[in-house]
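A structural walkthrough
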Amino acid sequence: MESFVGGPGHGGSNSSSDVKFVLVSGGVISGIGKGLTASSIGVLLKACGWRVTAVKVDPYLNCDAGTMSPFEHGEVFVLDDGGEVDLDLGNYERFLDVTLNRSNNITTGKVYQAVLNAERRGDYLGKTVQVVPHVTDAIITWIRRVAATPDANTGLPPEVVVIELGGTVGDIESMPFIEALRQLRYAVGEANFCSVFVSLVPELGVVGEQKTKPTQHGVKNLSMSGLAPQLIVCRSTRPLLAETKAKLGLFCQVPPDAVVSVHDVSNTYRIPLMLHAQGVCNLLIRSLRLVWRLPTRLEKWARMARTADADYVGYHVPSSPLRVPAPRERIGTAADAEAAEGGGSPATGARPAGAVPAPSATTPLKSSATADGSAAGTAGGRPCRMPVVTIALVGKYTNLSDSYLSVVRALQHSAMALGRRLSISWVESSHLEDPDDAVDHPDAASDDTRSGGQRSPSPEADTPTGAMNGHALPAAVGAVPPPPVAAAIVAAGISRSDSRGKCGRAERRARFDAAWALIRSADGVLVPGGFGDRGVEGMVAAIRYARESKTPFLGICLGMQLAAVEAVRWSFGQPGAHSSEFAKASPLHAVIYMPEGDKEKLGGTMRLGSRKTVLSGDEPLSLAAALYGRLDVYERHRHRYEVNPELVTELEARSGLRFVGCDESGKRMEVLERRDHPFFLGTQFHPEFTSRPGRPSPPFLGLLMASSGLSLERDAVATTLRSIRQQDPWRDMDGEEDVDGGWSFDGTAASLLAEEVNAVM
């Protein structure tokens, strides 16, 4: 591990004396929104023209997030240098459009490991190693070195470092970090350090009074530690009342205008606008003694927030009784309408055009399907009319949406870019397996400690019939079997269960029916990554359905590997073929353990980080090459297994699969496609980690285009990509010049920004 241990005093030499620091801490409860607050503060500062980076402090003893269960801590976000970090760093990268490294995530485990390594080397020259000063010095040195590290894109060091302290103030494990940050504040001076406190202001349901006592106690604890806040950010369901702000200002010793309300909004992109509307940008400039600048880049950010409102249907759904959707009908497009009039087939040649599936009843926007297949409703108080595209996300950890946070964000970025309203159907993969084959066993959830529950934004429907891979499936694409179970499901109030072995046969059957109805009602199928054997056969069944029904499909990491497994099973006539990860005794391994992998240690031993993938340039040009617009691609990886290279040539000859991307050695398969399918793409890498607003991930963009019935011809894709680039909120505008480190600003932009700010407030 790289050493970040400093010498005596406050962290050794200070190469970052001109850097400003913003600390974001929280109280009352965890998960209050510190990460989004820190990201939004960074957006305001970057919109003014300052170079910003972010640091996440996690007080847990783990060295990194790599070995944590998705149910325990949400997704593991992977950085370019292979760092496995907290999902908040994904928010930083997406909001600020920066490339971070593993040093931007500090954990107690990392710090103590560095200190103990230094003690073993004799760096302390016989001193008694203590929390103060040795551990606190190590923390300060770590932060200073991050502050002096040039940005990977610009080559320039940051001017402002936003530090998020995980957990809540007062936690035992965060005490060394609190002390280190107090020392850092003293060392750099009040003019270079701003403390922001995020708290909850609850309301009693009966009385409706906004309670300030939890925030007062949190500020008291923080002030006693020497980090009295200059800004208090209050989370609430509705805007803070003037008297609430005045009361908090009085008892927390801050001006009332330094008490900011961050209430519920339609999408997270509106949070920076909300902060700006309440004067947070000016307050930061005053506190940090910065030169006053206008946040001109918020004009594009405001446009993006408006687009997000128009494009997003939602994916949060009730956990009450399962409901089953009607069979899938693809979104109708103008090209389909013309083809129908001329007696031809739809643009993709896959399915007839039809009405849009009804959106979830829990959508945050008021919407209804119209006769032409679009959705009419309101977005931020403005009418909108956009087609809805439904993606079935077949995963293993669907009980917690944060387990797939980057996947969801990548889908949203693509929907925003294409002008589509996104609806995600969450499908627990184990529910796709034949309930008659379920076996009650104690290891049912061994891979992730528990199984996810069904979360489906779905109206009632039907029971699938037929058989495939030993699992019941619809007999024909578009078939509409009778719905004998839906009413019973709702009447019985079936609840979630932690594993297949803990529920009865009737409930397993009901969940099976509901899950397959979600698959049939979707416009596209997405199978993301995961670990462990639970639900794997359900993923394989979903992949086969997508292949045979010509439904657009995207497989990521495990999803790509299982696509290869499914192809080997039917093309080789080997129903027992599998991955060596799940079936070591299988007669044919389509996926094998990478030879260089470490079989003894789990943490940090996978193939991690950004690596080069070489796409095939052969004609006809691969779909992946058309979407990326180049043949050399750098994407982030996180895996231990790979497609068996000994089967590649024969598998391509038998199944119709094309492996169109490989690593630099040419032996490790990275991308697969099907020639005989409208869109069937698998990637060994994780493209969701590099998706950005206004710059969506190409594989996700392709999935949304195919699911929406848009053309995937090379020229059409190139035209779409050119139009999308204009939506990037951080992309330089044509003719824009740098003015004192900032950007130009005009009256039209000011009017639009003012309109958006008023809409937020």
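Residues numbered from 1 in each chain as written. Predicted model: local features only at pLDDT ≥ 70, side-chain atom pairs only at ≥ 80, totals over all residues. Heavy atoms only, no water.

**Quick notes on the layout of surface pockets**
We count it as follows: Every definition here rests on a 1 Å grid over the protein atoms only: cavities are sets of points where a 1.4 Å probe fits but cannot get out, pockets are open sets enclosed by protein on both sides within 12 Å along at least five of seven lines, and lining residues have some atom within 4 Å of a point. Grid points are joined across faces, edges and corners, and a volume is the space filled by probe spheres set on the points. Counting from the N terminus, the helices are the DSSP runs of H or I reaching at least four residues and the strands are the DSSP runs of E reaching at least two.
Roughly 1,400 Å³ of volume is contained in the largest pocket. G31, G33, L36, N91 and D402 are, among the 50 residues lining the largest pocket, the residues nearest its centre. Of all the elements in the fold, those that place two or more residues in the lining of the largest pocket are α2 (34-47), β2 (52-58), α3 (70-73), α4 (88-96), β9 (259-263), α12 (298-311) and α14 (405-418). No other element matches α14, which puts five residues into the lining of the largest pocket.

**Focus on the packing of aromatic side chains**
Two measures describe an aromatic ring pair: the distance that separates the ring centres and the angle between the ring planes. Applicable threshold: Side-chain rings of Phe, Tyr and Trp (the six-membered ring for Trp) are treated as a pair once their centres are within 6.5 Å; stacked means planes under 30 degrees apart, edge-to-face means over 60, and tilted covers the remaining angles. A simple rule labels every residue: compare its accessible area, found with a 1.4 Å probe on the protein chains alone, to the largest value its type can have, and call it buried under 20%, exposed over 50%, or partly exposed in between. In this analysis the charged atom, NZ for Lys or CZ for Arg, is taken to sit over a ring once it is within 6 Å of the ring centre and within 35 degrees of the ring normal.
Taken as a whole, this structure holds 11 aromatic pairs when the rule is applied. On the basis of an interplanar angle of 55° and a centroid distance of 5.4 Å, the ring pair of F95 and W301 is categorised as tilted. Of this pair, F95 sits in helix α4 while W301 sits in helix α12; the two residues are 206 residues apart in sequence, bridging distant segments of the chain. You can call F95 buried: its relative accessible area is 4%. Both rings, one in W516 and one in Y545, keep their centres 6.0 Å apart while their planes meet at 70°; by these two values the pair is edge-to-face. Within this pair, whereas W516 is found in helix α16 (residues 505-521), its partner Y545 is found in helix α17 (residues 536-549), the two being separated by 29 residues in sequence. Side by side, W516 and Y545 carry an identical accessibility label, which is buried. A cation over an aromatic ring shows up here: R654 above the ring of F572, its NZ or CZ 4.4 Å from the ring centre.

**Here's the deal with the pairing of β9**
Our working rule: Two strands form a pair only when DSSP identifies at least two bridges running between them. Note on handedness: a crossover is taken as right-handed if, strands pointing away from the viewer, the path from the first strand over the helix to the second is clockwise.
The buried fraction of β9 is high, at five of five residues. Burial along β9 is two-sided: V259, S261 and H263 and V260 and V262, pointing in opposite directions, are all buried. As paired strands, strand β8 (residues 231-236) and β9 are joined by five bridges and run parallel to one another. Paired with R235 across the bridge in β9 is V262. Traced from β8 through helix α9 (residues 242-252) to β9, the parallel crossover comes out right-handed.

**Regarding the packing of α2 against α4**
As a reminder, the rule being used: All axes are obtained by fitting lines to C-alpha atoms, using only the stretch in contact for helices, and the reported angles, taken between N-to-C directions, cover 0 to 180 degrees. Every angle not falling under 35 degrees, over 145, or within 65 to 115 is termed oblique; those three ranges are roughly parallel, roughly antiparallel and roughly perpendicular. Should the near helix be turned anticlockwise from the far one by less than a right angle, the crossing is termed left-handed; should it be turned clockwise, right-handed. The contact definition used throughout considers only heavy atoms, calling two residues in contact when any of these lie within 4.5 Å.
Interhelical geometry of α2 versus α4 gives an angle of 25° and a closest axis separation of 9 Å. The angle between α2 and α4 falls in the class roughly parallel. Note on packing geometry: the crossing formed by α2 with α4 is right-handed. Across the interface between the two elements, G35, L36, A38, S39, S40, G42, V43 and K46 of α2 pack against D88, N91, Y92, F95 and L96 of α4.

**Observations concerning the pattern of salt bridges**
To keep things clear, this is the line we draw: Should a side-chain nitrogen of Lys or Arg be within 4 Å of a carboxyl oxygen of Asp or Glu, the pair is scored as a salt bridge.
Counted according to the given criterion, the structure contains 35 salt bridges. As a salt-bridge pair, R238 and E203 come within 2.9 Å of each other at their nearest N and O atoms. With a gap of 35 residues between them, R238 in the loop between β8 and α9 and E203 in the loop between β7 (193-200) and α8 (213-224) connect regions that are remote in the sequence. Exposure remark for R238: the relative accessible area of 33% places this residue in the partly exposed category. Among the salt bridges present, the one from R534 reaches E428, with a minimum N-O distance of 2.7 Å. Of this pair, R534 sits in the loop between β17 (524-527) and α17 while E428 is found in strand β16 (residues 421-428), placing the two residues 106 residues apart along the sequence. For the pair shown, R534 and E428 are each scored as buried. One connected set of salt bridges, linked through shared partners, spans D80, E93, D97, R636, R692, R695 and D728.

**A word on the side chain of R420**
Which entries qualify depends on this criterion: Here a polar contact is recorded for every N or O atom pair within 3.5 Å, except that within protein the pair must consist of a potential hydrogen donor and a potential acceptor, and residues adjacent in sequence are included only if both atoms are side-chain atoms.
Within the secondary structure layout, R420 lies in the loop between α14 and β16. For R420, a relative accessible area of 11% translates into the label buried. At a separation of 3.3 Å, a polar atom in the side chain of R420 contacts the main-chain carbonyl oxygen of L418.

**A look at the sheet that holds strand β20 (residues 589-593)**
Spatially, three strands are ordered β19-β20-β23 in an open sheet, and the strand pairing comes out mixed. In this open sheet, the two edge strands, each paired with only one partner strand, are β19 (578-579) and β23 (641-643). Across three bridges, β20 lies against β23 in antiparallel orientation. Note on β23: the bridge partner recorded for V591 is V643. Across the sheet, helix α18 (residues 558-571) is in contact with β19, β20 and β23; its angle to β20 comes to roughly 145°.

**Examining the nonpolar core**
What counts is decided by this rule: Only buried residues count toward a nonpolar core. Its members are Ala, Val, Leu, Ile, Met, Phe, Trp, Tyr and Cys residues joined through side-chain atoms within 4.5 Å.
Counting 95 residues, the largest nonpolar core has F21, V22, L45, I163, L184 and W301 as the members making the most contacts within it. Among the elements that make up this core, the one with the highest residue count is helix α6 (residues 131-147) (eight residues). One finds A515, W516, F553 and L657 within the second-largest nonpolar core, a separate group that totals 47 residues.

**Structural notes on the environment of L288**
On the secondary structure map, L288 appears in the loop between α11 (280-287) and α12. In this structure the C-alpha to C-alpha distance between L288 and N192, which are 96 residues apart in sequence, comes to 5.2 Å. When residues no more than four places from it in sequence are discounted, the contact partners of L288 are K20, F21, V22, A191, N192, F193 and C194.

**A word on the packing of α17 against α18**
Under the convention used in this document: Each residue is assigned to one class: nonpolar for Ala, Val, Leu, Ile, Met, Phe, Trp, Tyr, Cys and Pro, charged for Asp, Glu, Lys and Arg, and polar for all the others, Gly among them.
The N-to-C vectors of α17 and α18 enclose an angle of 70°; their axes lie 9 Å apart at closest approach. Taken together, the axes of α17 and α18 lie roughly perpendicular to each other. Contacts from V536, E537, M539, V540, I543, R544 and R547 in α17 reach L558, G559, L562, A563, E566, R569 and W570 in α18. When its residues are assigned to classes, the contact of α17 with α18 shows eight nonpolar, one polar and five charged.

**Looking at helix α22 (residues 714-725)**
The condition is simple: Given the number of residues in a helix, its expected span is that number minus one, multiplied by 1.5 Å. By construction, the arc corresponds to the directions joining the helix axis to the C-beta atoms.
Over its 12 residues, α22 runs 17 Å from end to end, which matches the ideal 16 Å to within 8%, given 1.5 Å per residue. Those residues of α22 that sit buried are V717, T720, L721 and I724. What you see down the axis of α22 is that its buried residues fit within an arc of 100°, all on one side. Considering only its buried residues, α22 is in contact with α14, α19 (623-628) and α21 (698-707).

**Here we look at the pairing of strand β25 (residues 669-674)**
Counting buried positions along β25 yields six of six residues, so the element is predominantly enclosed. Relative to β25, strand β24 (residues 657-662) runs antiparallel, the two sharing five bridges. Bridge pairing in β25 links R658 to E673. Between the end of β24 and the start of β25, which pair antiparallel, lie six residues, with G666 showing a positive phi angle near 80°. Across three bridges, the pairing between β25 and strand β26 (residues 680-683) is antiparallel. In the strand pairing of β26, V671 is matched with T683. In textbook terms, the turn of a hairpin is the stretch between consecutive antiparallel strands, and for β25 and β26 this stretch comprises five residues.

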